[in-house]
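Here is how the chains run, residue by residue.
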Amino acid sequence: MEIKEERSSEEARQFFPSSQLDSVGEPQFTSIQRIANEPKLEFSLACKDLVAAGRDRKLSAFVQVSVAHPAEPVVTRHSSTEIVEGTKDPLFLTGVTFPPEYPIYEETKIKLTVYDVKDKSQDTVRTSVLPDHKEPRADVGRSFLGCATFRVGDLVKSKEQQLTLTLRTSDGGKTVGTIEVNLMKMGELDEGETDHITADTQDQKCALVRECTATEGIGGKDNLPSLNAVLRNPVCKLYRFPTADNKWMRIREQMAETTLSFHVPKELINLHIMEDMRRNQELKDLGELAPHWDNMRRSVIAHCDQMLSMYQDTLAELGKHTGSSFKSSCSKGEKTLEFIPVNLHLQRMHVHSPRLKDALYDVITVGAPAAHFQGFKNGGLRKLLSKFEAERRNTGYQCIYYSPENTAKAKEVLSNISHLQPLISSHADLLLSSASQRSPDSLKNSLKMLSEKTELFVHTFKDQLVRSALLALYTARPGCVLKKAAVPRGSAEEGADAQHQDHPSQMKRQDSIPHHSEYDEEEWDRVWANVAKSLNCLIAMVDRLLEKDNTSMKEGENEPPAEDGKVLHTGGDWHEQLYPLVITLKDCMAEVVTRARQSMAFVLLQELACGLPQCLMLTLRRDIVFSQALAGLVCGFVIKLHTGLHDQGFLQQLHTVGLLVQYEGLLSTYSEEAGMLEDMAVGISDLQKVMFKVIEAKSEDFLPIITGRREHYVIEVQLPAKMFELLPQEIKEGKLLHTYPVLFNVGINEQQTLAERFGDTTLQENINQENLELLKEYYKLFTEKMPPDCLPHFQEQNDLKGLLESLHQNIQAKKRKNVEIMWLAATICRKLNGVRFTCCKSAKDRTSMAVTLEQCSILRDEHQLHKDFFIRALDCMRRMPHRECSEECQMQKVCIQHDTADGFPKALQTSRGDLWKS
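The shown structure was predicted, so the numbers you read here are calculated from the model rather than taken from an experiment.

## Re the sheet that holds strand β20 (residues 835-839)
Then step 1. Across the sheet, 10 strands lie side by side as β11-β12-β13-β14-β20-β15-β19-β16-β18-β17; this open sheet has mixed pairing. Each of the sheet's edge strands pairs with one partner strand only, and the pair in question is β11 (231-242) and β17 (705-709). Averaged over all neighbouring strand pairs, the angle between strand axes comes to 25 degrees, with direction disregarded.
Then step 2. With two bridges joining them, strand β14 (residues 359-365) and β20 adopt parallel strand pairing. Counted as the bridge partner of Thr 365 is Thr 838 from β20.
Then step 3. In this fold helix α6 (residues 260-284) packs onto β12 (248-258), β17 and β18 (712-719), with an angle of close to 35 degrees to the strand it touches most, β17.

Next comes the structure, spelled out in structure tokens:
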């Protein structure tokens, strides 16, 4: 945000006394006290009686703000206002703000330069910074009117917190008007008295990481660290807009990067590496196989090792990354960054209205999750997965076909084995420990936990898939002999294809040595049933021991000394009697685990073998897209959790129903963007397998922890102790929190025009219809489990059921560029306390158009923005550096490119219809 101008040191010296500049010792400057994480200084500007250079035209003025730092003899261009046309007394709606980390002191001097813009189409208000860091040439469409300088300390210490300065020409002679500087702080009313900038009252604390509507609870200093761990480089803009009753509302617009852009993908890739290493080992542990299957296994492992090496290389490259905490759009095609989301930012609008509560409106903006490096020549995931599945069904002569549902089930069984077996062993050891200590209560608790986990373990293997996979694996052994011509029910589905009946005979022809025993299909039932029987024997023995102990305690009540001796003796008996049963349980469980693990690994072998190398490439593409989508989801969840900590209705909804996550897509259905949309649709759908858990942080590291596998992930969000105590008991006890992602897409650019006229929009229509059904399911669940008074009160004038019906009608209408779908979906999401996302290809032009229009619409509908100022407010916000400001380290001009505006629906344009001039 600080761009140095090419100014001479002599020019800068006029701001400071020579003694201050030439001091040999360290300069001493007076800091401005402030609330933690609040902007250091904010003020508004207005000019009066400006004098134009010529009388043939009206003025169109704006103010450029420059800073002279006390420690540096250099003038830095900082920011600027919007252009106000046709008046000599312009009142600027865009304020000036200095972020928390900005080095500003009471001795700092600020220069205000007023320009008259003659031709906006030439200048477009290069208000924030010039790329060549030089003064604009006279022929770019603006002319210098006058300037004024003030010292920050004078503004801060002034009684009225207002300065009126005289604007003079560059030679300091002629007066060309005056400029008023008004100190501003969020939370103050213009008609009331203003406090000093160092005030530290509770209701003035509205930092980037704090829910401003919360009047009770913990202070900002307790809230800041956990969210500051995930947010970086906030950029802030300040506005003041008139309301319908001619009062001022104040708006602080903030945008921040997130460290989660890199943290989540690195954690995810690390999980993929560990999962793939376990899978490769499980394939190696299948044991001896017939030549056909053994060759297949060797080929699969070789390909998997190559893919594993690629993941490891990617993780190593990401570990070397330094600098910005987000990926810019120009890097979206880089291979080393393909797991990183594009342009992931938090966009926040904090509104302070005269007669309404302060309110926060958050939108997460991100480029559409897509595999840009791999390209879209053959479409995206939605098409590729469908095509791959159709082709895989026709490869039965090489391997056994298992449906995607069954392969997912196999992965789930393997995951349950890895999770439950060590838990059961641990609880069994605790049971023996309790027996050694002769502790009845501890023994009961240990037995209860052991029983629960063992019952889950046994239930896992009741699935028909395990039995059929065991038979299939048996037929793949050298020299297998079947008791009868059984068919390996690989698909485990009704109506399995006739091609499956060929597998036994084909595999039988590969056998050269008859097996010495026949395969018993009922053997598996006996094996896993032995686990349940062992547990029942253990339970019965514990019951007998406890009953005997109670009887002996009653009989020995009158003989304490003898009872003491008996305690020592029977304590050893408990352990001795339970130990053989525990060993038997562990042995039975080990046998079940060995067989089940091998059978499920054989199912995964079929999945991989039927589609090499396409299967692994699709897995890679899906991992890439999911990684980008997950980074955004985690960011949105963390932000929503922090802002809703004081909202008991939201917290109840979170653990009772789950969190609605609504994605607004702006991709076209033409050319490459259709492939991006297919990737995005699958990536967002895959987020349904993600659940969250809130835990108390045990250190100063508040970054989320990710566990799980490809079919199921748990994100552990860490909160400081004081924040954790605010949560409901259900969440504090570790209840898993569900998310419900939905995607609604409306193409809005010129490529969508081509798609509607010459192409196909079926993809968009199908996605919108499918996600409408998901949204209706969430609403149904919400109405069944939540009381009606938990909805946000400021939106009670609309009926959710009516909005859903209207959304349904608009989706069915198949109207071209129907942006009503976006607005309805966004409104429903906000009413249901959901998290909002806005996405286009790079999260720049179209995203900025949509976000700024949404913000101004909220100001109009919820905060009574004056109708005559809607366009001006929109113009002001569209000058905000909504995307990629951090990589430029500067405030930029309007980010909407001229050619991008072509084909946009009128609803997304200003009423002037001229985006370039807005």
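## Some thoughts on unusual backbone geometry
Then step 1. For the bond from Leu 612 to Pro 613, the omega torsion is -10 degrees, close enough to zero to count as cis.
Then step 2. With respect to the helices and strands, the residue Pro 613 is situated in the loop between α14 (560-609) and α15 (614-643).
Then step 3. Positive phi, close to 50 degrees, is recorded for Arg 438, a residue that is not glycine.
Then step 4. Tracing the backbone shows Arg 438 in the loop between α9 (404-436) and α10 (440-460).
Then step 5. Assessed through its relative accessible area of 14%, Arg 438 is described here as buried.
Then step 6. Backbone geometry at Gln 864 places phi at a positive 60 degrees, although glycine is not the residue there.
Then step 7. With respect to the secondary-structure elements, Gln 864 resides in the loop between α24 (845-863) and α25 (870-877).

## Some remarks on the pattern of salt bridges
Then step 1. According to the stated counting rule, one finds 28 salt bridges in the structure shown.
Then step 2. Put simply, Arg 710 and Asp 623 hold a salt bridge, and the shortest N to O gap is 2.9 Å. Of this pair, Arg 710 sits in the loop between β17 and β18 while Asp 623 sits in helix α15, and the two are 87 residues apart along the sequence.
Then step 3. Judged by its relative accessible area of 8%, Arg 710 falls in the buried class.
Then step 4. By sharing partners, the salt bridges in this structure join Glu 275, Asp 276, Arg 279, Asp 623 and Arg 710 into a single network.

## Notes on the packing of aromatic side chains
Then step 1. One pass over the full model with this rule turns up 13 aromatic pairs.
Then step 2. By way of ring pairs, the aromatic residues Phe 43, Phe 98, Tyr 102 and Phe 150 are connected into one cluster.
Then step 3. Above the ring of Trp 574, the side-chain terminus of Arg 438 is found at 5.0 Å from the ring centroid.

## Some thoughts on the confidence of the model for the protein chain
Then step 1. With 77% of its residues at a pLDDT of 70 or more, the protein chain shows a mean pLDDT of 80.
Then step 2. Per-residue pLDDT stays below 50 along residues 123-136; that stretch engages in 44 contacts with residues further than four places along the chain or on separate chains.

## Here we look at the packing of α6 against α15
Then step 1. Put simply, α6 and α15 touch, their axes get as near as 9 Å, and they point 130 degrees apart. Considering their axes alone, α6 and α15 lie oblique with respect to each other. The hand of the α6/α15 crossing is right-handed. Residues Leu 260, Val 264, Pro 265, Leu 268 and His 272 of α6 form the contact with α15, whose participating residues are Asp 623, Phe 626, Ser 627, Leu 630, Ala 631, Val 634 and Cys 635.
Then step 2. The class makeup of the residues in the contact of α6 with α15 is nine nonpolar, two polar and one charged.

## Some thoughts on the side chain of Asp 362
Then step 1. Following the sequence through the fold, Asp 362 ends up in strand β14.
Then step 2. A relative accessible area of 19% places Asp 362 in the buried class.
Then step 3. Reaching out from Asp 362, the side chain makes a polar contact with the side chain of Arg 348 at a distance of 2.7 Å.
Then step 4. If sequence neighbours within four positions are ignored, Asp 362 has contacts with Leu 346, Gln 347, Arg 348, Ile 639, Thr 643, Arg 830 and Arg 836.

## Side note on α15
Then step 1. Under the 1.5 Å per step criterion, the end-to-end length of α15 is 44 Å for 30 residues, consistent within 8% with the ideal 44 Å.
Then step 2. For α15, the tally of buried residues reaches 25 of 30 residues, placing the bulk of the element in the interior.

## Thoughts on the pairing of strand β7 (residues 109-117)
Then step 1. Taken across its nine residues, β7 has eight buried, putting it largely inside the fold.
Then step 2. Direction of pairing for strand β3 (residues 60-68) relative to β7: antiparallel, over a ladder of eight bridges. Residue pairing across strands places Ser 66 opposite Lys 111, the latter belonging to β7.
Then step 3. Direction of pairing for β7 relative to strand β8 (residues 142-151): antiparallel, over a ladder of nine bridges. Its bridge partner lying in β8, Tyr 115 is registered against Phe 144.

## A short note on the environment of Val 96
Then step 1. Its location among the elements puts Val 96 in strand β6 (residues 96-98).
Then step 2. Classification of Val 96 by relative accessible area gives buried; the value is 0%.
Then step 3. Sequence-distant contacts of Val 96, that is, excluding residues within four places in its chain, are made with Leu 41, Glu 42, Phe 43, Leu 45, Val 65, His 78 and Ser 79.

## Concerning the nonpolar core
Then step 1. Trp 293, Phe 457, Trp 524, Leu 578, Met 600 and Phe 602 are the most contacted members of the largest nonpolar core, which totals 86 residues.
Then step 2. The element best represented in this core is α14, accounting for 18 residues.
Then step 3. In this structure, Met 600 is in contact with Ala 410, Val 413, Leu 414, Leu 465, Val 466 and Ala 469, ignoring residues within four places of it in sequence.

## Structural notes on the state of the cysteines
Then step 1. Counted under the stated rule, the structure contains one disulfide.
Then step 2. Through a disulfide, Cys 399 is tied to Cys 610; the S-S separation comes to 1.9 Å. Disulfide Cys 399-Cys 610: torsion about the S-S bond near 130 degrees, hence right-handed. Of this pair, Cys 399 sits in the loop between α8 (381-392) and α9 while Cys 610 sits in the loop between α14 and α15, and the two are 211 residues apart along the sequence.
Then step 3. Accessibility expressed as a relative area gives 9% for Cys 610, which makes it buried.
Then step 4. Just so you know, Cys 876 is unpaired, no disulfide at all, and the nearest cysteine sulfur is the one on Cys 856, 8.6 Å from it.

Conventions used here
Residues numbered from 1 in each chain as written. Predicted model: local features only at pLDDT ≥ 70, side-chain atom pairs only at ≥ 80, totals over all residues. Heavy atoms only, no water. Pairing = 2+ DSSP bridges. Helix = DSSP H or I, 4+ residues; strand = E, 2+ residues; numbered from the N terminus. Axes fitted to C-alpha atoms, helices over the stretch in contact; angles between N-to-C directions. Contact = heavy atoms within 4.5 Å. Buried < 20%, exposed > 50% of the residue type's maximum accessible area, 1.4 Å probe, protein only. Salt bridge = Lys/Arg side-chain N within 4 Å of Asp/Glu carboxyl O. Phe/Tyr/Trp six-rings, centres within 6.5 Å; stacked < 30°, edge-to-face > 60°. Lys NZ or Arg CZ within 6 Å of the ring centre and 35° of its normal. pLDDT = per-residue confidence, 0-100. Parallel < 35°, antiparallel > 145°, perpendicular 65-115°, else oblique. Left-handed = near helix turned anticlockwise from the far one by under 90°. Nonpolar A, V, L, I, M, F, W, Y, C, P; charged D, E, K, R; others polar. Polar contact = N/O pair within 3.5 Å; in protein donor to acceptor, adjacent residues only side chain to side chain. Expected span 1.5 Å × (residues − 1). Core = buried A, V, L, I, M, F, W, Y, C linked by side-chain atoms within 4.5 Å. Disulfide = S-S within 2.5 Å.

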